[in-house]
Amino acid sequence: MSEAPPSSPAPDTASAVHSGSADRFGYEWGRYAELKDIYQEQFRRWTPFMAPEDWRGLTFVDVGCGMGRNSHWPMSYGAAGGLAIDIDERSLASARTTLAPHPAMEVRRQSAYELNEVERFDLAFSIGVIHHLAHPETALANMVRAVKPGGRVMIWVYGRENNGWIVRFADPLRKALFSRLPIGLVHALSLPPTALLWLALRLGLDRLEYFRLIRRFDFAHLRSIVFDQMLPKIANYWRRDEVEALMKQAGLEDVQLAWVNEISWAAIGRKPQG
């Protein structure tokens, strides 16, 4: 039987936002704001249910847009436009720069808990955000409300499968130490593990598809990934059945899941017509 991640009472918006890591990710997206070509391949892997042509004419909301790269690619494929939301001003500044060539995209300061659109979009998606929230079910419910009947909701989240070593060793260190340190210091501390990872990849680390992918990244991109793992206050690693249950309990139908890079899950579901 599927088991969803533990649910909790409806959050007080201010406290829920504060419990997350928007300010810490804002530091990241202010520092790593360059739009790299390899990001398109990452996006395609995170959204395996959508070919470029599937985006044509769609309206969408990007929940937790960061520097805006995951809205840029759909717009470059011919999407009609939509809304990208985040709450840290550094993230929003980077997103506005990234999305400046796409005037049909609105960039708005708004949290996933505050998303109040009703049946406006064809698709709502959130990439790498839901698993960092204290109340993922609330954010997902808002995304479902935001799409039209028959519209779709899509997420990408960390998987527990093949991440056991992170859950057992790295994640406790993140919780006890890195998530409590000043973010500038965490960035400085990301340099040694990045150097070790860079060396391991060049010496043949390729056990998982993820390692084969990131071997192609430059050092700065690799460091941004290591830093991204070190900085959050909350990071959940969910099993397949937990992700599926989260989607179904949000009221979505025709739920599909895809195993991404052998370490994470993409999921998509459809809002009922009536």
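Residues numbered from 1 in each chain as written. Predicted model: local features only at pLDDT ≥ 70, side-chain atom pairs only at ≥ 80, totals over all residues. Heavy atoms only, no water.

### Here we look at the domain arrangement of the protein
Interface size is often expressed as the accessible area that is lost when the parts come together.
Step number 1: If you check the domain split of the protein, you get domain 1 (20–160 + 235–271) and domain 2 (163–231).
Step number 2: Once you take the C-alpha centre of each, domain 1 and domain 2 turn out to be 23 Å apart.
Step number 3: Listed per partner, the contact involves 20 residues of domain 1 and 30 residues of domain 2.
Step number 4: The three residues of domain 1 that bury the most area against domain 2 are Arg24, Tyr32 and Tyr237, which together make up 28% of that side's buried surface.
Step number 5: On the surface where domain 1 and domain 2 come into contact, there are four salt bridges.
Step number 6: The residue Arg45 makes a salt bridge to Glu209 at a minimum N-O spacing of 3.0 Å.
Step number 7: Taken together, the connections running from domain 1 to domain 2 amount to 17 residue pairs in polar contact (both at pLDDT 80 or more).
Step number 8: When contributions to the side of domain 1 that touches domain 2 are tallied by element, the ones reaching two or more residues are α2 (22–31) and α3 (38–46).
Step number 9: Residues of the side of domain 1 that touches domain 2, tallied by class, amount to nine nonpolar, three polar and eight charged. (Domains from an automatic or database assignment. Contact = heavy atoms within 4.5 Å. Buried area = accessible area lost by both parts, 1.4 Å probe. Salt bridge = Lys/Arg side-chain N within 4 Å of Asp/Glu carboxyl O. Polar contact = N/O pair within 3.5 Å; in protein donor to acceptor, adjacent residues only side chain to side chain. Helix = DSSP H or I, 4+ residues; strand = E, 2+ residues; numbered from the N terminus. Nonpolar A, V, L, I, M, F, W, Y, C, P; charged D, E, K, R; others polar.)

### Examining the sheet that holds strand β5 (residues 147–158)
Step number 1: Read from one edge of the open sheet, seven strands run β3-β2-β1-β4-β5-β7-β6, paired in mixed fashion. Looking along the sheet, the strands with just one partner apiece sit at the ends: β3 (105–109) and β6 (253–260). For this sheet, the mean inter-axis angle between neighbouring strands, taken without regard to orientation, is 15 degrees.
Step number 2: The pairing of β5 with strand β7 (residues 264–270) spans seven bridges and is antiparallel. Residue pairing for β7: Met154 is matched across the bridge by Ile268. (Pairing = 2+ DSSP bridges. Axes fitted to C-alpha atoms, helices over the stretch in contact; angles between N-to-C directions.)

### Section: the environment of Gly68
Step number 1: Tracing the chain through its elements places Gly68 in the loop between β1 (59–63) and α4 (69–76).
Step number 2: Take Gly68: its relative accessible area is 0%, and that puts it in the buried class. (Buried < 20%, exposed > 50% of the residue type's maximum accessible area, 1.4 Å probe, protein only.)

### With respect to the side chain of Asn261
Step number 1: Position of Asn261 relative to the elements: it lies in the loop between β6 and β7.
Step number 2: A distance of 2.7 Å separates a polar atom in the side chain of Asn261 from a polar atom in the side chain of Arg45.
Step number 3: If we skip the residues at most four places from it in the chain, Asn261 touches Arg45, Glu209, Tyr210 and Leu213.

### What to know about the UniProt feature "domain: Methyltransferase type" (unreviewed entry) in the protein
Step number 1: As annotated by UniProt and renumbered to match this structure, "domain: Methyltransferase type" (unreviewed entry) occupies residues 61–155.
Step number 2: Counted over residues 61–155, helix gives 31% and strand 32%. Its end C-alpha atoms are 12 Å apart. (UniProt positions renumbered as here; feature names shortened; annotations may be inferred.)

### Let's talk about unusual backbone geometry
Step number 1: The backbone of Glu119 shows a phi angle near 50 degrees, a positive value even though the residue is not glycine.
Step number 2: As for its position among the elements, Glu119 is in the loop between β3 and β4 (121–127).
Step number 3: Using a relative accessible area of 43% as the deciding quantity, one classes Glu119 as partly exposed.
Step number 4: Phi angles above zero are rare outside glycine, and Asp254 is one such case at about 50 degrees.
Step number 5: Residue class for Asp254 comes out exposed when judged on its relative accessible area of 56%.

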